[in-house]
Amino acid sequence: MDITQPTAQSGKVSPKSPEKMESDLSKLGNNLVTKFHVLMRISQIYDSKNVALHQFIQESLQTINTLIQREGTLSLKIIKDDFFLNGQRLRYSVEGFTSFKYLSTHWKKRLIGEVVFKSSVDEEMLKNFIYALINLEEGGEKNAALFEEQLANCQITSIEVNPLEVVEGEEEAFTLQEEDHKEIAKKVFFETVGTIKELLTQIKGKQYADVRKLKRLAQKAVHLIIEDESILLGMTTIKNYDEYTFNHSVNVSIYSLAMGKRLGFSKKTLTELGITALLHDIGKSKIPREVLNKPASLDEEEWGMMKKHPLMGVEIVLNLKQLGEINPRMVVGIFDHHLKSDLSGYPKLFRKKEVSLFGRIIQIADSYDAMSTPRIYKKTPYTPEQALALMLREKTVHFDPLLLKIFIGLVGIYPIGSLVLLNTRELGIVYKPNHDPKCLDRPIVIQVARDEKGDAKKEVIDLTETDGAGRYKRSIVKTLDPHKYHIDIAKYFLRNILG
Ligand SMILES: [Fe+2]
Ligand SMILES: [Fe+2]
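My aim in this report is to walk through the structure given alongside it, one point at a time. Just so it is clear, the model here is predicted, and its values are computed rather than measured.

## Brief notes about the coordination of the iron ion (ligand 1)
- Of the protein atoms, only Asp281 (OD), His309 (NE2), His337 (NE2) and His338 (NE2) coordinate the iron ion (ligand 1), at distances of 2.1 to 2.3 Å.
- Here the iron ion (ligand 1) is ringed by four donor atoms whose angles at the metal span 85 to 176 degrees, and the overall shape comes out irregular.
- When the donors of the iron ion (ligand 1) are listed by position in the chain, the intervening gaps give D-x27-H-x27-H-H.
- In this structure, the iron ion (ligand 1) is positioned 3.5 Å from the iron ion (ligand 2), and both are ligated by Asp281. Of the two residues, Asp281 sits in the loop between α9 (267–278) and α10 (289–292) while His338 sits in the loop between α13 (328–336) and α14 (357–371), which places them 57 residues apart along the sequence. You'll find Asp281 and His338 in the same group, each marked buried.

Right under this line is the structure:
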């Protein structure tokens, strides 16, 4: 179930309500950005007569002309880092982030800020438009005028192009006070996922891998964890099954940073921990895809390969230029992240050693995220609560008990993102754990319900609230499996809580 769609719970909703129209426009806008992204990429590979291009142009025309029919005209504009469709800011979805990033980078490089379609277009016009766009010189200050000229030469009057508007202070340093924490957290999260993806592809293709960006993102994440960790922790509910390795690395980094913060680490140590966690599985880039994504259990040879990833990760990290000074604990942290406290696990050791602190932290974050994420061989993951219960059962052999206690304090007995049933028969999603040891079972939850218009209610419920007689107004009865209720927790967070 898409939580933004009206359901039986929601009562009657007019499909033509302004909110619904707005969300339709947003969907079409996301679709449009993806189409432009793919069009730009395909046209860089193929010439204008290619069959794949023809097909894709047809699909794109449908999106563009539907929007023009509906809206009369279509303007896609970049202001700072955002896209606006006919004046409405487009919120990017988890799936759409790569396209947003690609399009804004490439338009900005060519100093193009807005494209307006004044009336419907045909295949020839769209082709001319896209080839004119990709052939613009990067950084050319007269690009917009040049573009217009080229369109005019092809007798195209229905498309208009405007230069990028430079917003003052755009290049200014990252300051937490000026921008909304939620927006920054979202940007940092998705940018980090994208950067990890890029890095893994570069390493796999034996290309030069630049990690400076990753380092900067880790620093930003450290600021966010110190300022307001609940937002970043909320982002970990995004468990993207298709992009597991990238998402997983970012989630493990967020959990590790939150644990490091509780252990009183300095900013420098936190940044090192963040980077180590982001790179903990980088050795997997050397394992064939078929093994990583095998739906069945691995045979002996494949398992042997898998067990090498911590060591391969160490080799890669030691060769990464621009990581700057590599503190030994970063390297050891990667090496150790599958070593259990009794030294079972892997790699096999011939001499006794203590599992490093970074290794022990990452191991807890790693296990929790892996268990609570759907995988190709386990499509229905454990609920957050089940994952914690399993980890607690194994704590003496596998995990550092003290660190596990800190982790539970961090995510709560009802971890962030748990779907819970209250004694009032209401449903809620855990938003913030309660850190008071006496009230661990009383987190802050967001009610899962809709108002008369069909919009998700954003009512925040504090479970420590009492009535006049000192009795708790609401309590958790049990956790529910969101998969059974078809509730997509990540989408709910992104759209209704972080949105
Ligand atoms: Fe691993
Ligand atoms: Fe991992």
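Once the structure has been displayed, the description carries forward.
## Points about the coordination of the iron ion (ligand 2)
- For the iron ion (ligand 2), the full set of protein donor atoms is His248 (NE2), His280 (NE2), Asp281 (OD) and Asp366 (OD), and the range of their distances to it is 2.2 to 2.3 Å.
- For the iron ion (ligand 2), the four donor atoms in the first shell make angles of 73 to 173 degrees at the metal, a pattern classed as irregular.
- Positions of the donor residues of the iron ion (ligand 2) along the chain correspond to the pattern H-x31-H-D-x84-D.
- Look at His280 and you get buried, because its relative accessible area is 0%.

## Digging into the packing of aromatic side chains
- Within the structure shown, the criterion is met by 13 aromatic pairs.
- Judged by centre distance (5.7 Å) and plane angle (65 degrees), the rings of Phe117 and Phe129 are edge-to-face. Separated by 12 residues along the polypeptide, Phe117 in strand β4 (residues 112–117) and Phe129 in helix α4 (residues 123–134) bring together distant segments of the chain.
- Judged by centre distance (5.5 Å) and plane angle (80 degrees), the rings of Tyr255 and Phe407 are edge-to-face. With a gap of 152 residues between them, Tyr255 in helix α8 (residues 244–262) and Phe407 in helix α17 (residues 401–411) connect regions that are remote in the sequence.

## Focus: the pattern of salt bridges
- The final tally for this structure, using the stated rule, is 15 salt bridges.
- Of the charged contacts in the structure, one is a salt bridge between Lys294 and Glu302, with a shortest N-O distance of 2.7 Å.
- Residue Lys294 is classed as partly exposed on the basis of its relative accessible area of 21%.
- When its relative accessible area of 15% is taken as the criterion, Glu302 is described as buried.
- Put simply, Glu229, Lys261 and Arg262 are held in one network by salt bridges that share partners.

Conventions used here
- Residues numbered from 1 in each chain as written.
- Chains lettered and ligands numbered in written order.
- Predicted model: local features only at pLDDT ≥ 70, side-chain atom pairs only at ≥ 80, totals over all residues.
- Heavy atoms only, no water.
- Donors = N, O, S within 2.8 Å, 3.2 Å for Na, K, Ca; no water.
- Tetrahedral: all angles 85-135°; square planar, octahedral: opposite > 155°, others 65-115°.
- Helix = DSSP H or I, 4+ residues; strand = E, 2+ residues; numbered from the N terminus.
- Buried < 20%, exposed > 50% of the residue type's maximum accessible area, 1.4 Å probe, protein only.
- Phe/Tyr/Trp six-rings, centres within 6.5 Å; stacked < 30°, edge-to-face > 60°.
- Salt bridge = Lys/Arg side-chain N within 4 Å of Asp/Glu carboxyl O.

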